[in-house]
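# An overview of the molecular structure
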Amino acid sequence: MSYRCLYKWQKLSNVPVQHMSCENTSTTTTADAKLPVCFVIIPGNPGCIQFYEKFSTSLAEMTGIPVRGVSHTGHAKIPKNNPQDLQHPYLEDCGLEMQIKHKLEYLRQIVFNQSHRIILIGHSIGCYIILQILERLDEKELERVSKSVLLFPTIERMSTTPNGKRLTPLLSKARWALSFFAYTVSYLPENFLDHLLPFFVKTSDGSVKDAVKDNLCDVDVANSCTFMGLEEMHKVKHRDDDAIEKNLDKLIFYYGAKDDWCPQEYYYSVMEKFGSMNNSQIYLCERGMDHAFVLSQSEQAAQVVAGWSGGNKFS
């Protein structure tokens, strides 16, 4: 089977949001036919869903389950001269709380109308957003969430992690420098940018390279990403153990063995608190995968998730 990712723009709370559907190109379905189940990706930061294209197609091909996903508000560049006259959102619409609200609207307005059941997949800060989503869904909506996969979860003490200690001062005092860098790069000729990119982004994945060039090199997108990042450092402090315990049967945790955003001690802390409880599924990566797996390890990450599908962990 061959799967392809299609990208669309839609207003949620009057704010433009980009979302993705990964479909089997060899089959046709009627517009009102609901899927029995689909994966739904909530990305990390930067949160352009195009970064997850290879992961999505690989996962769909391995499992036969279609994939949906959504960019964080402000993390994807709106095409110029678009027929809807969409404009880049204001910064207040790109903060962490608004990202959660927009994901809830995305599920309610789009995904739940397309699929009877869903399997949420969060990456990095997307895992924190999923825990918040599970707390805000009503009972009937929650029944339609079969599982929530939390890949390399940044759900606690972000500012005190090794990466948090390095980035928090920069995001607090010199966020403008990152936006200025994006502004400068956006004026470079494309062929020059192609040669420059490998020094900053270590990937051979063409869809990731395109995502960087098309989105992160835009000053508005860079500003939105860093604004959300600063809020993450300030707001993601204490792990929400109540939310985890309440939804434990729906959660699969997957921590990195060497991850400067969620160190191993965070894995052991979660294991100590929840590991002995019935239905807990908490794993430490044994594949040497990086936190930013989308750069070069999308297929490996898809294999992990697909393995759980084949082992009936999603039932």
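The structure presented is a predicted model; accordingly, all values stated were derived computationally and were not measured.

Looking now at the overall build of the protein. Assigned secondary structure in the protein consists of 12 helices and eight strands. Taken against the 2.2 N^0.38 rule, which gives 20 Å for 315 residues, the C-alpha radius of gyration of the protein at 19 Å falls within 12% of a compact globule. Each principal axis of the C-alpha distribution contributes one length, and for the protein these read about 55 × 50 × 35 Å. Within the span of the protein, comprising 315 residues, buried residues form 55% of the whole. Restricting to contacts in the protein with at least 6 residues of sequence separation, those with at least 24 account for 79%. Carbon and sulfur atoms provide 50% of the accessible area of the protein, an area that totals close to 14700 Å². Once the 33 positive and 36 negative side-chain charges of the protein are each reduced to a mean point, those two points are 1 Å apart.

Counting residues in each nonpolar core, the largest one holds 94 residues, and the members touching the most others are F55, L151 and V305. Excluding its chain neighbours within four sequence positions, the residues that come into contact with L151 are F55, I121, G122, H123, S124, C127, Y254, F293, V305 and W308.

Okay, the pattern of salt bridges next. Scanning the model with the defined rule gives nine salt bridges in all. One salt bridge in this structure joins E141 and R108, with 2.9 Å as the shortest N-O distance. Here the residue E141 occupies a position in helix 4 (residues 139-143), and R108 occupies one in helix 2 (residues 96-114), the gap between them amounting to 33 residues. Taking relative accessible area as the criterion, R108 reaches 36% and is therefore assigned partly exposed. Across the pair K235 and E231 runs a salt bridge, and its minimum N-O distance is 3.6 Å. Pair noted here: K235 and E231 are both in helix 9 (residues 219-235), with a separation of four residues, about one helical turn.

Rules of the game
Residues numbered from 1 in each chain as written. Predicted model: local features only at pLDDT ≥ 70, side-chain atom pairs only at ≥ 80, totals over all residues. Heavy atoms only, no water. Helix = DSSP H or I, 4+ residues; strand = E, 2+ residues; numbered from the N terminus. Rg over C-alpha atoms; globule rule 2.2 N^0.38 Å. Buried < 20%, exposed > 50% of the residue type's maximum accessible area, 1.4 Å probe, protein only. Contact = heavy atoms within 4.5 Å. Areas by Shrake-Rupley, 256 points an atom, 1.4 Å probe, with all protein chains shown as cover. Lys, Arg positive; Asp, Glu negative; His and termini not counted. Charge placed at Lys NZ, Arg CZ, Asp CG, Glu CD. Core = buried A, V, L, I, M, F, W, Y, C linked by side-chain atoms within 4.5 Å. Salt bridge = Lys/Arg side-chain N within 4 Å of Asp/Glu carboxyl O.

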